[in-house]
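Coordinate analysis (summary)
Listed here are the chains, written in short residue letters.
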Amino acid sequence: MSPIGLIGNLAVDRVAGGDPRPGGGVFHAARAASRLGTDVVVVTRCAPTDRALVLSPLEALGFPVACADAAETTGFSFHYEGDTRVMTVDAVGDPWTTADIAGWAGEALDGCEWVLVGGLLRSHFDAPAADALA
């Protein structure tokens, strides 16, 4: 098993009116791990309708991925006004629960020495869920 686990929701990002693309902390951390040659385990969720867009590129990195279905995938739109970044939350993905951590997500992270919690919004990991990861 990998010494590093990544947990958090995937996101659909729209930058400067461009086409939707994969995003989220776990996606970008996995990309960085791939470039560094570091092994990770990814635990995430997204809506079934967004799997081709956000999950397939993550899986293509070659790491073990455990993905649960979400009612919707977290979404953000970004653009810049001069040096100022303007961000809009387009969709709020499902929150993580202590049941997730005690169940399927915890099983996927079993054996990880370190875990990066990539919450995208405050509502994604409440205190009990975060404590369950400790």
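Just above sits the structure.
Treat the numbers as computed from the prediction; the structure is a model and nothing was measured. (Residues numbered from 1 in each chain as written. Predicted model: local features only at pLDDT ≥ 70, side-chain atom pairs only at ≥ 80, totals over all residues. Heavy atoms only, no water.)

**Comments concerning the overall build of the protein chain**
- Across its full length, the protein chain carries 5 helices and 8 strands.
- For the protein chain, the sequential pattern of α-helices and β-strands runs β-β-β-α-β-α-β-β-β-α-α-β-α.
- Computed over its C-alpha atoms, the radius of gyration of the protein chain comes to 15 Å, within 12% of the 14 Å expected for a compact globule of 134 residues.
- Viewed in the frame of its principal axes, the protein chain has a C-alpha envelope of about 45 × 35 × 30 Å. (Helix = DSSP H or I, 4+ residues; strand = E, 2+ residues; numbered from the N terminus. Rg over C-alpha atoms; globule rule 2.2 N^0.38 Å.)

**Topic: a nonpolar patch on the surface**
- Where nonpolar side chains cluster on the molecular surface, the patch consists of Met87, Val89 and Val92 and spans about 240 Å² of accessible area.
- If you trace the backbone, Val92 turns up in the loop between strand E7 (84-91) and helix H3 (98-102). (Patch = residues over 30% accessible without salt bridge, like charges linked within 9 Å, V, L, I, M, F, W, Y side chains within 5 Å. Areas by Shrake-Rupley, 256 points an atom, 1.4 Å probe, with all protein chains shown as cover. Salt bridge = Lys/Arg side-chain N within 4 Å of Asp/Glu carboxyl O.)

**Considerations on the sheet that holds strand E1 (residues 4-7)**
- Pairing within the open sheet is parallel, and its 4 strands lie in the order E5-E4-E1-E8. Only two strands of the sheet have a single neighbouring strand rather than two, namely strand E5 (65-69) and strand E8 (114-117). Neighbour-to-neighbour, the strand axes of this sheet turn through a mean angle of 15°, independent of strand direction.
- Relative to E5, strand E4 (residues 41-46) runs parallel, the two sharing 5 bridges. When the sheet's bridge partners are listed, Val43 is paired in E5 with Ala66.
- Along the sheet face, helix H1 (residues 25-36) touches E1, E4 and E8 and points at about 150° away from the line of E1.
- On the sheet, helix H2 (residues 51-59) packs against E4 and E5 and is oriented at approximately 165° with respect to E5. (Pairing = 2+ DSSP bridges. Axes fitted to C-alpha atoms, helices over the stretch in contact; angles between N-to-C directions. Contact = heavy atoms within 4.5 Å.)

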